[in-house]
Amino acid sequence: NAGVTQTPKFRVLKTGQSMTLLCAQDMNHEYMYWYRQDPGMGLRLIHYSVGEGTTAKGEVPDGYNVSRLKKQNFLLGLESAAPSQTSVYFCASSPTTGELFFGEGSRLTVL
Amino acid sequence: AQSVTQLGSHVSVSEGALVLLRCNYSSSVPPYLFWYVQYPNQGLQLLLKYTTGATLVKGINGFEAEFKKSETSFHLTKPSAHMSDAAEYFCAVSGTSYGKLTFGQGTILTVHP
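The paragraphs below set out a description of the structure included in this document. (Residues numbered from 1 in each chain as written. Chains lettered and ligands numbered in written order. Predicted model: local features only at pLDDT ≥ 70, side-chain atom pairs only at ≥ 80, totals over all residues. Heavy atoms only, no water.)

Let us look at unusual backbone geometry. That bond from Thr7 of chain A to Pro8 of chain A is cis: its omega, -10 degrees, falls within 30 degrees of zero. The topology assignment puts Pro8 of chain A in the loop between strand E1 (4-7) and strand E2 (10-13). Phi angles above zero are rare outside glycine, and Asn28 of chain A is one such case at about 60 degrees. Relative to the helices and strands, Asn28 of chain A is located in the loop between strand E3 (19-25) and strand E4 (31-37). A residue is classified by how much of its surface remains accessible, and Asn28 of chain A, at 56% relative accessible area, is exposed. The backbone phi angle of Thr72 of chain B is positive, close to 45 degrees, even though this residue is not glycine. (Helix = DSSP H or I, 4+ residues; strand = E, 2+ residues; numbered from the N terminus. Buried < 20%, exposed > 50% of the residue type's maximum accessible area, 1.4 Å probe, protein only.)

Moving on, we come to the layout of surface pockets. Counted as a void, the largest pocket has a volume near 610 Å³. Elements with a minimum of two residues in the lining of the largest pocket: strand E9 (87-94) and strand E11 (106-110) of chain A together with strand E9 (87-94) of chain B. Of the residues forming the lining of the largest pocket, the biggest block, four residues, is contributed by E11 of chain A. Among the residues forming the lining of the largest pocket, the class breakdown is eleven nonpolar, 15 polar and five charged. Within this model, the second largest pocket holds a volume of roughly 320 Å³. (1 Å grid on protein atoms, 1.4 Å probe; cavity = no way out; pocket = protein on both sides within 12 Å on 5 of 7 lines; lining within 4 Å. Points joined across faces, edges and corners; volume = space filled by probe spheres on them. Nonpolar A, V, L, I, M, F, W, Y, C, P; charged D, E, K, R; others polar.)

Right, let's talk about the environment of Thr102 of chain B for a bit. Residues and elements named next belong to chain B. The residue Thr102 is located in strand E10 (residues 102-103) in this model. When its relative accessible area of 24% is taken as the criterion, Thr102 is described as partly exposed. It is 9.9 Å that separates the C-alpha atoms of Thr102 and Phe34, two residues lying 68 residues apart in sequence.

Residue and element names in this part refer to chain A. Summarising the element assignment, Leu13 is placed in strand E2. Note: C-alpha distance between Leu13 and Thr86 (73 residues apart in sequence) is 9.2 Å. The residues touching Leu13, leaving out its near neighbours within four places in the chain, are Ser18, Met19, Ala81, Leu108, Thr109, Val110 and Leu111. (Contact = heavy atoms within 4.5 Å.)

Residue and element names in this part refer to chain A. Ordered in space as E1-E3-E8-E7, the four strands form an open sheet in which the pairing is antiparallel. Whereas interior strands pair on both sides, the edge strands pair on one side only; in this sheet they are E1 and strand E7 (65-67). Looking at each pair of strands side by side, their axes are set apart by 20 degrees on average, direction ignored. Pairing of E7 with strand E8 (residues 73-78), which is carried by three bridges, proceeds in the antiparallel orientation. When the bridges of E8 are listed, Val66 appears paired with Leu76. (Pairing = 2+ DSSP bridges. Axes fitted to C-alpha atoms, helices over the stretch in contact; angles between N-to-C directions.)

Buried accessible area, meaning the area lost when the parts come together, often serves as the stated size of an interface. The partner chain B presents 19 residues to the 23 residues of chain A that form the contact. Carbon and sulfur atoms make up 57% of the area that chain A and chain B hide from each other, which totals about 1,600 Å². Its largest share of buried area at the contact with chain B, chain A owes to Leu43, Glu99 and Phe102 of chain A, together 25% of the area lost on that side. Taken together, the connections running from chain A to chain B amount to three residue pairs in polar contact (both at pLDDT 80 or more). The leading source of residues in the side of chain A that touches chain B is E4 of chain A, at four residues. Classifying every residue of the side of chain A that touches chain B gives twelve nonpolar, eight polar and three charged. (Buried area = accessible area lost by both parts, 1.4 Å probe. Polar contact = N/O pair within 3.5 Å; in protein donor to acceptor, adjacent residues only side chain to side chain.)

The subject of this paragraph is the sheet that holds strand E3 (residues 19-27) of chain B. To summarise the sheet geometry, strands pair through backbone hydrogen bonds and adopt either a parallel or an antiparallel arrangement. All names here are of chain B. Spatially, E1-E3-E8-E7-E6 is the arrangement adopted by the five strands of the open sheet, whose pairing is antiparallel. Both outer strands of the open sheet, strand E1 (2-7) and strand E6 (56-58), are each paired with one neighbouring strand and no more. Looking at each pair of strands side by side, their axes are set apart by 20 degrees on average, direction ignored. The pairing of E6 with strand E7 (residues 64-68) spans three bridges and is classified as antiparallel. What sits directly across from Lys58, in E7, is Glu64.

These results come straight from atomic positions and should not be treated as a statement about function.
Next comes the structure, spelled out in structure tokens:
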């Protein structure tokens, strides 16, 4: 059982480039989330989805877009990367009981 | 709105000693409370959670936490630390039954031989 899988695991971008992070879950969870983790700041919610075809903004949505075209996938896009977006990105999914299941993270560096 | 404050960004204990990681929360609705652990270069794993009912919650690896509404606290404890407990621990709160969680800043636990 793979759980939550994130690709890619590492990426280096130049300022202004675009990229997409892919999250896939095989647990049939309705809810999916994208968080970013920065030292001393814990995890901050970027965007989330409560079901296929739905998305909503979290705490720090600026500079990011998301899509949930299929229930099992949740994509996070950066249209024009900035050095402030250097971070570790975590995808998570949850059933209705509130427990989050996390992927292993995607480490992004923007030069 | 919810918020979480973890007291102490670093905690150091000796192997076999009591582990106490402090968490205080703020929530405008009855909270759902969680503790997660993160080992280096890995994602977060759930240690335990409080939703409703018994205020003393037992989790994996011998950890437990007590929900104290009057103190708005959810401190994490373990009677005897093990070297394998060294990791970063995150407290989180949600105001809903699904996991739109707000996380604290994290506490790095170091265990000395």
